[in-house]
Amino acid sequence: MCNRHVFLAAALGLATMAAVAQDFRVGFVNTDRIFREANLAKSAQAKLEQEFSRREKEIQTLASQLKSASEKFEREAPTLAESQRVARQRQLVEQDRDFQRKQREFQEDLNLRKNEELQGVLERANRVIKQVAEAEKYDLVIQEAVYINPKHDITDKVLSGLNGSK
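The model shown is predicted, which means the values in this text are computed figures rather than measured ones. (Residues numbered from 1 in each chain as written. Predicted model: local features only at pLDDT ≥ 70, side-chain atom pairs only at ≥ 80, totals over all residues. Heavy atoms only, no water.)

*Asks:* Break down unusual backbone geometry for me, with residues and values.
*Replies:* Phi at K137 takes a positive value of approximately 60°, unusual for a residue other than glycine. By relative accessible area, K137 is classed as exposed at 63%. (Buried < 20%, exposed > 50% of the residue type's maximum accessible area, 1.4 Å probe, protein only.)

Set out below in C-alpha cells:
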C-alpha cells in the first residue's frame, strides 16, 4: 500500500505542477527589433547622424588628404634629396598620427552618445514592456534567448506601445 500512496502523491504533484505551468505566462521581446524599428530609436539615430555628420566629413577629408599626400610622397620619393625625403616622411607620420587620434576621439564620442541615446530608448521600452506584461498578465518577460517560440513574442505589442506614446 505504501507504493500506492507514493504513486498517488507523485501523480497529484505532477497534476498540480501542470496546472501551475498552464497559468504561467512567458513573453519575449526582441531588443534588436526595438532598436531598429521603434520611432524613438529611429529619431535617436537621426539625431546622432545630424550631431556627428560634420565631424565625420572632417575625418573623411583628413583621410583623403593623408592618402593623397602619401601617394604623392611615394611618387616623388625617388627624386627627393635624403633630407627632403626624411622631412616629408616625418610630416606624413605626424599627419597620420593626428588623423588616427581624431578618428579615435570621434569614434569614442559617437559611441558614448549612441549608448546614451539607446539607454533612453531602452528605459522607455522597459516601461512599455512592464505595462504590456501587467495588462496581459505575463509572469515573466525575457529579452535574450537562444530560442523562443514565436507565439511568446510580444515585440509587436511593445513597438505599438512605444510608437503610440510620446
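*Asks:* Give a description of the environment of A44 that names residues and reports values.
*Replies:* In this structure, A44 sits in helix α3 (residues 39-76). When its relative accessible area of 5% is taken as the criterion, A44 is described as buried. Considered as a pair, A44 and K114 are 70 residues apart in the sequence and their alpha carbons are 8.2 Å apart. Beyond its immediate chain neighbours, meaning those up to four positions away, A44 contacts E117 and V121. (Helix = DSSP H or I, 4+ residues; strand = E, 2+ residues; numbered from the N terminus. Contact = heavy atoms within 4.5 Å.)

*Asks:* Got a sec to walk through the pattern of salt bridges? Specific residues and values, please.
*Replies:* Applying the stated criterion to the full structure yields 17 salt bridges. Residues D109 and R55 are paired through a salt bridge, measuring 2.8 Å at the closest nitrogen-oxygen approach. Here D109, found in helix α4 (residues 82-135), pairs with R55, found in helix α3; they are 54 residues apart in sequence, far enough to count as distant. On the accessibility criterion, D109 (32% relative accessible area) is partly exposed. What makes R55 partly exposed here is its relative accessible area of 24%. Ionic contacts of the salt-bridge type, sharing partners, join the residues K47, E51, R113, E116 and E117 into one network. (Salt bridge = Lys/Arg side-chain N within 4 Å of Asp/Glu carboxyl O.)

Distances and angles like these do not, on their own, reveal function.
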